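Descriptive structure summary
Each chain, letter by letter, is given below.
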Number of protein chains: 2
Amino acid sequence: MQTHPYNVGLDKNDANFVALSPLSFLERTARVYPQRLALVHGGLRQTWAQTFERCRRLASALSKRGIGLGDTVAAMLPNTPPMYEAHFGVPVTGAVLNTLNTRLDPEAIAFQLDHGGAKVLLTDREFSSTIARALALMTGPKPLVIDVLDADFEGGKSLGELDYEAFLAEGDPVYAWTLPADEWQAISLNYTSGTTGNPKGVVTHHRGAYLNAVSNVVTWTLPLHPVYLWTLPMFHCNGWCFPWTMALQAGVSVCLRRVDPQLIFPLIREQKVTHMCGAPIVYGMLVNAPAALREGISHTVQGLIAGAAPPAAIIEGCERIGIDITHVYGLTEVYGPAAVCAKQEEWAPLPIEQRAALNARQGVAYPLQQDVTVLNPETLQPVPADGETMGEIFFRGNIVMKGYLKNPEASAEAFRGGWFHTGDLAVLHPDGYVKIKDRSKDIIISGGENISSVEVEEVLYRHPAVALAAVVAVPDAKWGEVPCAVVELRDGVSATPEEIIEFCRGHMARYKVPKQIVFGVLPKTSTGKIQKFQLRQQFKSASAIG
Amino acid sequence: MQTHPYNVGLDKNDANFVALSPLSFLERTARVYPQRLALVHGGLRQTWAQTFERCRRLASALSKRGIGLGDTVAAMLPNTPPMYEAHFGVPVTGAVLNTLNTRLDPEAIAFQLDHGGAKVLLTDREFSSTIARALALMTGPKPLVIDVLDADFEGGKSLGELDYEAFLAEGDPVYAWTLPADEWQAISLNYTSGTTGNPKGVVTHHRGAYLNAVSNVVTWTLPLHPVYLWTLPMFHCNGWCFPWTMALQAGVSVCLRRVDPQLIFPLIREQKVTHMCGAPIVYGMLVNAPAALREGISHTVQGLIAGAAPPAAIIEGCERIGIDITHVYGLTEVYGPAAVCAKQEEWAPLPIEQRAALNARQGVAYPLQQDVTVLNPETLQPVPADGETMGEIFFRGNIVMKGYLKNPEASAEAFRGGWFHTGDLAVLHPDGYVKIKDRSKDIIISGGENISSVEVEEVLYRHPAVALAAVVAVPDAKWGEVPCAVVELRDGVSATPEEIIEFCRGHMARYKVPKQIVFGVLPKTSTGKIQKFQLRQQFKSASAIG
């Protein structure tokens, strides 16, 4: 290193350097706002002082059981206070929190517990039958199982040797709240839902979790003391880092065991919810819920939407019922959303159709993420910002995972060329906004022409009878592949496949029109993402039979 | 290091690690909001695209002249666009920006230019006479002088070989915007008025500047696109990092050459200013200005206040004229404010006197600063949070300087025990809020400027009639504090207070000149140390009598 006066005798020391960690937010908020509300769950009201104490007890109890640096603690929990507490009490011991998708089958859970090497498992009794089978299927050492007995859930069985409250009682309420020595230390392990067979374990770090938690505030202009409704599962990318964001802004976390408009609207009304997150399907439920459920709600709710581009009907419907939508984009590998379709002032007066089209784009990098852009996936050179040339979306910056656990090949491939490869195909618009055209595997190549399934779906969504739509490639002897669609109709509305095909012909090039329309229920992931791979399987079987 | 699966094959790479630097904000905002307004100055309107281009030209022109890593570029500039641009165009070259206090005398400027080793000096013609003398007084190599010719200032002389616009014309408008390889790299050099005559050069780094710029947003819930009026000099701790904060939030910087209600109110009205910062004296001016000046302003302006605790009259007056005050606290060593008197909901209904008392406290750490607290300065143990036990204020965290330039002893002392020693004496209230009881004995804060009493005393000692001198702070309704001196004359020599004041005027900046000279015998300890505490009491009594 070149020597100059600015790097002589001006080193890091304990006074001027601390590892960035979102764990610092909880300690500060518990000091500054000890008596403010942190958690609401059914009849439970828990302050920041109480939450901090419970997190310290959890950390202490884990430490006493030998949990520390580099160990894994898994959680099979809905959006309840113990899940919130695990986001602090686990990593402060040096351990890594592995949140499990509660809708997974026992085989997938067993794989994750084995692969991640979980030493402790916190599990809600709602999932006892899945977990019992998963534990039986495990090939490695079994974790210490701690049952969460939630007053708001009846049923299920206890599987472990003690319950969560008894475990907390073992812990020291004034356990030393020590930040990691290194901000690159792992904080969380999240397995990708895996549209292919083998899920990959995404390892994130304290520095990135800190920066994305802060970025949520900056991106959304999140005020102090928001009231945040947990419509987004915390097991999905750690709830997009919002457990930590809420600690930073001393917000109220309104817990929710399941996404149901019958639960959501009363909570919005009673708790005066100001903010929420979710996939388009969540907002779709709210938009399509009976108007009577919304009575007495006069304030606006801010909503982040991700997981799929929000259709115009969702944006319009949300506006109508008082939800102000901001579209964000990301993946588990970038801690949830790390791009935002930043709204421009000049969009405001445009008609809803145009605004929806602009807002449906994936947008630009989060303020604290370095970059998101569209490159040629072979050359890693930028595509022209013409809105037409297809490339792949790449991220770069501090809000990118450490890599995949015990999978150096997948990590190396994901980071090839100094960019994180998302696998999402997109174009770059002249204003620098990224617009997804498709997952690479969702591109349909028909007679040598590329067809974006997203583009066809957007047309389908404009048909008044269509509630949900998915377009996939089906093998075809003549064309190689042809687009086919599965459609969920709106309640009480009817349509024929012919009518919908006719509608498509009026709105797109002939070769892009679905050759077949099937009515049915779309298979979805727990976060509301449509599982296209399953649809392709269905069509394959159908074709084989037909 | 202990090996475990989370630190094997999960290293930093170009995709997942980028140095934290506020320079990234400008690049992003110029991309996302290229046509939005960045700078307003007189009749000038400058967009983010233009500002980014000018900063790249500045960086390129500096690079072409050989400026790079570890070099110093000084700026003697009021709050004008070139000063804003210097906050980006200088550090992106790897150089360090040394902002000079425009109120200083030539001797102090010469010391800083020599000590900091400035290779380039950007200077506004308003200060040409001071700078001409400073350059003549320098003992080291002279910097390349670049004159800023501001259309809004008439007079002054050009001193250098070229002007700022000609210099920018030398630069490349598409200069590569490269972040530092190391976020610990120095970004700025700001000299404090130390307790000794020789000011200390506070060196800050990219990581801290980034985090404090973000912290301003979080602390203040600063929305996107604020309209920020530059009542706070950018030469004070880089304007508390607000040049970078404005780039992060794509705000409008409304420039201001001097703090004058006759200029400020029309700008608030015409530009719809939403945010401003300043010392209590600035707000005092606004509160005491004729009501007619405020006509037509109906919106609330958010104001950060620091430099001294805001008196109740200021808080009350600001409320009356539509300025919502937030009290922050810090020092140059912590990038300006790094503590905030965070408001609690339950304060709102209290009477103004009580609210003012609560808000006059220095408060708690910034959300992204690790800690501020009161410790026993000898033992570094916490004082009881009883609101009575006196200790010293200490900071710790990422928003703390690298250290003092070429001054390892002062750096070591400032960081002794792993805390940054502020020298401010305070108590800790039961709610964890810090409250200053007394400024460190040698510093006088007058109109937001730090005055070293020792420095003034050294000048007094140069007067042939002066035997002993002590300078202390005396409370002042307008300036907060003013320096006053007690002088023991030499035997058999006579002088008048007026003569001594006149002598001081010839040797120091105007604001440092003692407002009152009293002749008398200085109270001393048995070891001959002057007891300033007793002097302050004397002046208090005198004031009370007068």
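Under an unreviewed UniProt entry, chain A has the name Acyl-CoA synthetase and belongs to Sphaerotilus microaerophilus. The Sequence similarities (unreviewed entry) comment attached to chain A in UniProt states, word for word, "Belongs to the ATP-dependent AMP-binding enzyme family."

Facing the 77 residues of chain B at the interface are 77 residues of chain A. Of the roughly 5,700 Å² buried where chain B meets chain A, counting both sides, 56% is carbon and sulfur surface. At the junction of chain B with chain A, the criterion picks out six salt bridges. The salt bridge involving Asp 371 of chain A is made with Arg 31 of chain B; its shortest N-O contact spans 2.9 Å. Where chain B packs against chain A, one counts 26 residue pairs in polar contact (both at pLDDT 80 or more). Secondary-structure elements contributing two or more residues to the side of chain B that touches chain A are helix 1 (23–32), strand 8 (186–192), strand 9 (200–205), helix 7 (206–220), strand 16 (364–365), strand 18 (391–396) and strand 19 (403–404) of chain B. Among the residues forming the side of chain B that touches chain A, the class breakdown is 42 nonpolar, 18 polar and 17 charged.

Before going further, it helps to examine the pattern of salt bridges. For the structure shown, the criterion picks out 41 salt bridges over all chains. Glu 345 of chain A is the salt-bridge partner of Arg 36 of chain B, the closest N and O atoms lying 3.3 Å from each other. Separated into two different chains, Arg 36 of chain B in the loop between helix 1 and strand 1 (37–41) and Glu 345 of chain A in the loop between strand 15 (336–340) and helix 13 (352–359) make up a pair that spans both. Judged by relative accessible area, which is 58%, Glu 345 of chain A ranks as exposed. A salt bridge links Lys 343 of chain B to Asp 324 of chain B, with the nearest nitrogen and oxygen atoms 3.3 Å apart. Residue Lys 343 of chain B is found in the loop between strand 15 (336–340) and helix 13 (352–359), and its partner Asp 324 of chain B is found in strand 14 (residues 323–331); the two are separated by 19 residues along the sequence. Bridged by salt links that share partners, the residues Asp 124, Glu 126, Asp 150 and Arg 257 of chain A form one connected network.

Here we take up the sheet that holds strand 3 (residues 72–76) of chain A. Residues and elements named next belong to chain A. Taken together, the eight strands give an open sheet; going across it, the order is 7-6-5-3-4-8-9-19, and neighbouring strands pair in mixed fashion. In this open sheet, the two edge strands, each paired with only one partner strand, are strand 7 (162–163) and strand 19 (403–404). Both strand 4 (residues 96–99) and strand 8 (residues 186–191) contribute to a ladder of two bridges, which runs parallel. From the neighbouring strand, Asn 98 faces strand 8, where its bridge partner is Leu 189. Sitting on the sheet, helix 3 (residues 81–89) touches strand 3, strand 4, strand 5 (118–124) and strand 6 (144–148), and the angle it makes with strand 4 is about 150°. Sitting on the sheet, helix 5 (residues 128–137) touches strand 3, strand 5 and strand 6, and the angle it makes with strand 5 is about 160°.

This part covers the packing of helix 12 (residues 312–321) of chain A against helix 13 of chain A. Residue and element names in this part refer to chain A. One way to put it is that helix 12 packs onto helix 13 with a least axis distance of 9 Å and a crossing angle of 115°. Here helix 12 lies roughly perpendicular to helix 13, going by the angle between them. By crossing handedness, the relation of helix 12 to helix 13 is classed as right-handed. Of helix 13, the residues touching helix 12 (which contributes Ala 312, Ile 315, Glu 316 and Glu 319) are Ile 352, Glu 353, Arg 355, Ala 356 and Asn 359. Each residue belonging to the contact of helix 12 with helix 13 can be placed in one class, and the counts come to four nonpolar, one polar and four charged.

Quick look at the pairing of strand 8 of chain A now. Residue and element names in this part refer to chain A. Counting buried positions over the six residues of strand 8 gives six, a clear majority of the element. Direction of pairing for strand 8 relative to strand 9 (residues 201–205): antiparallel, over a ladder of five bridges. Note on strand 9: the bridge partner recorded for Ala 186 is His 205.

Counting residues in hydrophobic clusters, the biggest one holds 210 residues, and the most contacted among them are Val 214, Phe 395 and Phe 420 of chain A together with Val 214, Phe 395 and Phe 420 of chain B. Ignoring sequence-local partners within four residues, the contact set of Phe 420 of chain A consists of Leu 331, Glu 333, Val 334, Ile 393, Phe 394, Phe 395, Val 400, Met 401, Tyr 404, Ala 414 and Phe 415 of chain A together with Ala 15 of chain B. Formed by 38 residues, the second largest nonpolar core is a distinct cluster that contains Ile 109, Ala 134, Leu 460 and Val 487 of chain B.

Moving on, we come to helix 15 (residues 453–461) of chain A. Buried residues dominate helix 15 of chain A, accounting for seven of its nine residues. Those residues of helix 15 of chain A that fall on the buried side of the exposure criterion are Ser 453, Val 454, Val 456, Glu 457, Val 459, Leu 460 and Tyr 461 of chain A.

Now for the side chain of Ser 128 of chain B. Residue and element names in this part refer to chain B. The residue Ser 128 is located in helix 5 (residues 128–137) in this model. Taking relative accessible area as the criterion, Ser 128 reaches 7% and is therefore assigned buried. Within polar-contact distance, the side chain of Ser 128 engages the backbone oxygen of Arg 125 at 3.0 Å. With residues up to four places along the chain from it excluded, the contact list for Ser 128 reads Gly 156, Lys 157 and Leu 159.

Rules and cut-offs
- Residues numbered from 1 in each chain as written.
- Chains lettered and ligands numbered in written order.
- Predicted model: local features only at pLDDT ≥ 70, side-chain atom pairs only at ≥ 80, totals over all residues.
- Heavy atoms only, no water.
- UniProt positions renumbered as here; feature names shortened; annotations may be inferred.
- Contact = heavy atoms within 4.5 Å.
- Buried area = accessible area lost by both parts, 1.4 Å probe.
- Salt bridge = Lys/Arg side-chain N within 4 Å of Asp/Glu carboxyl O.
- Polar contact = N/O pair within 3.5 Å; in protein donor to acceptor, adjacent residues only side chain to side chain.
- Helix = DSSP H or I, 4+ residues; strand = E, 2+ residues; numbered from the N terminus.
- Nonpolar A, V, L, I, M, F, W, Y, C, P; charged D, E, K, R; others polar.
- Buried < 20%, exposed > 50% of the residue type's maximum accessible area, 1.4 Å probe, protein only.
- Pairing = 2+ DSSP bridges.
- Axes fitted to C-alpha atoms, helices over the stretch in contact; angles between N-to-C directions.
- Parallel < 35°, antiparallel > 145°, perpendicular 65-115°, else oblique.
- Left-handed = near helix turned anticlockwise from the far one by under 90°.
- Core = buried A, V, L, I, M, F, W, Y, C linked by side-chain atoms within 4.5 Å.

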